[in-house]
Amino acid sequence: MALDDIYKEVILDHYKNPRNKRELPGAELQCHANNPLCGDEITVFAHVDGGAVAEVTFQGAGCSISQSSASMMTEAVTGVKIGDARGLAERFRGMMAGDVEPAEDEFGDLVALKGVVQYPIRIKCAVLAWDVLQEALDGAGSASGAQPHTV
Amino acid sequence: MNERTVSVKTAGAVGGLDVGAIRRDFPILSRTVGEHPLVFLDSAATSQKPNQVIDAEAEFTRHHNANAHRGIHMLGEEATQAYEGARATVARFLGAPEPETIVFTRGVTESMNLVAQGWGRTHLREGDEILITEMEHHSNIVPWQMTAAVTGATLRYIPLTDDGLLDLSQLGSLLTERTKIVSVTGMSNALGTITPLRQLADSAHAVGAIIAVDAAQLAPHSPIDVQALDVDLLGFTGHKMLGPTASGGLYGKSDVLESMEPMLGGGEMIHEVFHDHSTYKSAPFKFEAGTMPIAQQVGLAAAIDYLDGLGMANVRAHEEEITRYALDRLLDAGATVYGPKDASIRGGAVSFWFKDVHPHDLATILNEQGVAIRAGHHCAQLAMRRYGVPATARASFYVYNTKDEVDALVGALDHAQAIFS
Ligand SMILES: Cc1ncc(COP(=O)(O)O)c(C=O)c1O
């Protein structure tokens, strides 16, 4: 990876020692999605309390980018008001689209994922957890909007 | 149309191919990735094209372009001749009895859809069975699911053994007089497995079924004789055999082709059009509606000339040798290989998982070293699920690959290990 070594280390650290990777019993928000391209899977569990994300965890399997992004996300949105969590998700997506220059104090470890922009096919891996979070916050319950068509 | 300007065999060269000379025909192989030479190990997805193919396509477009089977003028005649000449070249390459048994399509996906719709919808009804395998590419699964939904026929699967072969032990209960068609890959793009086509053809015919083959991987890498194999239908794709994208076709026995309905209606496939119905031309023309990729099929003929110049037996021998070497080195390096480990019964698409490095991470790291591999489910999710993996890394080889490139792959694996350990 041509990612700077420090960023690489951050990504690998979250990949090998994921934060908040467990089920959350009794979570009122839960949502699952997968990336059929590579089989990455993420389930996000969240407790909401007083309009804020009180606790958030994830379960999943996949590449270092998808799994480290999920781990970083749980740290970034814990204790954050729902509106602010949505805002961060939006700006994270903006960073992955190359439109938003990340502010270190807001993004924290997430800045490490900026280098993924060089690999367009892998941007999907990085945003997967955030898609699931947004879906969970929307309270939709099931995965990404449109149901797949079945033959 | 093109003179054969292909490399001659030199004694002692691997598998009888002069790979150095071959590589000089492929301008793209001299590209670099950063400071690394490009090591292209993704030919199972699409092959690179030699100058002879690039030039044949450009020469047609530059000097002979017109619509085929239409213009009553010089260029129209030339285009028709080039297009029909390409059909004859394809027929010869596959051992087909005559050019009219070759339908041009835009590739094997279209070919298998044509079989599933054009044959399936007119020959299948409730109670009938379609037999495919768990190692199929999605293009030989999804069209059958669509046809099963429309006709009420049932789709059944030949399972796989732990080492990546078709498990034929239960064939007797899977293949019965209810089976109307067996549709099977000739060589798996996900596992490399070569399937026993003649045996399957005989078994299918014994119960009155026909057999269709997805030869997307087999045709580029192995000699094929459709008459010796006694298969009824066989689809192939040009871009995996040194030809242009959107070239390819479907071989069919004459009576089978005649019994099929067209999938697309439109210009040039009709005999006469009336207010309430139309009559069709005979095969293969009734399946070629609208303007076809003419320059591309001409390019495909040049690709076949190139492969014929090398000799398909030599192509196969070269790939077997390089695959054997790759399997040895990958297994030595600690990779888990999915599919047969014996190079003599498999092709050169080698699927593997390296330690606990996810295939996507591996492909990104290898790319940094100039090595291009595929990572994903290879449009074969049933096979992936069978072996309990969401995805694999896949290195695949062709006429221009060398053992040095296998070494580059294995060397780059060390790099991945250093990052992830
Ligand atoms: C075994 C097999 N079948 C079908 C296909 C589909 O080929 P195409 O995309 O050229 O139609 C492929 C290529 O990916 C393949 O490897």
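Cut-offs and rules
- Residues numbered from 1 in each chain as written.
- Chains lettered and ligands numbered in written order.
- Predicted model: local features only at pLDDT ≥ 70, side-chain atom pairs only at ≥ 80, totals over all residues.
- Heavy atoms only, no water.
- Axes fitted to C-alpha atoms, helices over the stretch in contact; angles between N-to-C directions.
- Helix = DSSP H or I, 4+ residues; strand = E, 2+ residues; numbered from the N terminus.
- Parallel < 35°, antiparallel > 145°, perpendicular 65-115°, else oblique.
- Left-handed = near helix turned anticlockwise from the far one by under 90°.
- Contact = heavy atoms within 4.5 Å.
- Nonpolar A, V, L, I, M, F, W, Y, C, P; charged D, E, K, R; others polar.
- Near = heavy atom within 4 Å.
- Polar contact = N/O pair within 3.5 Å; in protein donor to acceptor, adjacent residues only side chain to side chain.
- Pairing = 2+ DSSP bridges.
- Domains from an automatic or database assignment.
- Buried area = accessible area lost by both parts, 1.4 Å probe.
- Salt bridge = Lys/Arg side-chain N within 4 Å of Asp/Glu carboxyl O.

Asker: Whenever I open this one, the packing of helix H2 (residues 51-64) of chain B against helix H3 (residues 74-94) of chain B confuses me. Can you help?
Answerer: Geometry of a packed helix pair, given as the angle between the helix axes and the separation of the axes. Residue and element names in this part refer to chain B. At their nearest, the axes of H2 and H3 sit 10 Å apart, and the two run at 160° to each other. What the angle tells us is that H2 and H3 run roughly antiparallel. For the element pair H2 and H3, the recorded crossing hand is left-handed. Together, Phe60, His63 and His64 of H2 and Leu75, Glu78, Ala79 and Ala82 of H3 make up the contact between the two elements. Split by residue class, the contact of H2 with H3 holds four nonpolar, two polar and one charged.

Asker: Got a minute to help me understand the site of the ligand in this structure?
Answerer: Residue and element names in this part refer to chain B. All residues in the neighbourhood of the ligand are listed as Val108, Thr109, His137, Ser139, Asn189, Asp214, Ala216, Gln217, Thr237, His239 and Lys240. In this structure, Gln217 approaches the ligand through a side-chain N or O atom, which is 2.7 Å from an oxygen atom. Contacts to the ligand include Lys240, whose side-chain N or O atom sits 2.8 Å from an oxygen atom. Considered class by class, the residues forming the shell around the ligand number two nonpolar, seven polar and two charged.

Asker: Please clarify how the sheet that holds strand S17 (residues 392-396) of chain B should be interpreted in this entry.
Answerer: Hydrogen bonds between backbone atoms are what pair the strands of a sheet, whose relative direction is either parallel or antiparallel. Residues and elements named next belong to chain B. The strand order S13-S14-S17-S16 describes an open sheet built from four strands, whose pairing is antiparallel. Only two strands of the sheet have a single neighbouring strand rather than two, namely strand S13 (335-338) and strand S16 (374-376). Averaged over all neighbouring strand pairs, the angle between strand axes comes to 35°, with direction disregarded. As defined by bridge partners, S13 adjoins strand S14 (residues 349-354) across four bridges and the pair is classed as antiparallel. Bridging from a neighbouring strand, Tyr338 pairs with Ser351 of S14.

Asker: Which parts of the structure should I look at to understand the domain arrangement of chain B?
Answerer: When the parts of a complex come together, some accessible area is lost, and that lost area is often taken as the interface size. All names here are of chain B. Partitioning chain B into domains gives domain 1 (19-50 + 311-420) and domain 2 (56-308). Measuring from the centre of the C-alpha atoms in domain 1 to the corresponding centre in domain 2 gives 28 Å. Listed by partner, the interface residues are 38 residues for domain 1 and 36 residues for domain 2. For the domain 1 and domain 2 pair, buried surface summed over both sides reaches about 3,000 Å², with 56% attributable to carbon and sulfur atoms. Considering only the surface of domain 1 that becomes buried against domain 2, Met312, Leu382 and Arg386 emerge as the three largest contributors, covering 20% of it. Between the two partners, domain 1 and domain 2, sit one salt bridge. The salt bridge partner of Asp162 is Arg386, with a shortest N-O separation of 2.9 Å. If you look at where domain 1 meets domain 2, you find 27 residue pairs in polar contact (both at pLDDT 80 or more). If you list the elements that add at least two residues to the side of domain 1 that touches domain 2, you get helix H12 (312-332), S14 and helix H14 (381-386). Taken together, the residues that form the side of domain 1 that touches domain 2 break down as 21 nonpolar, ten polar and seven charged.

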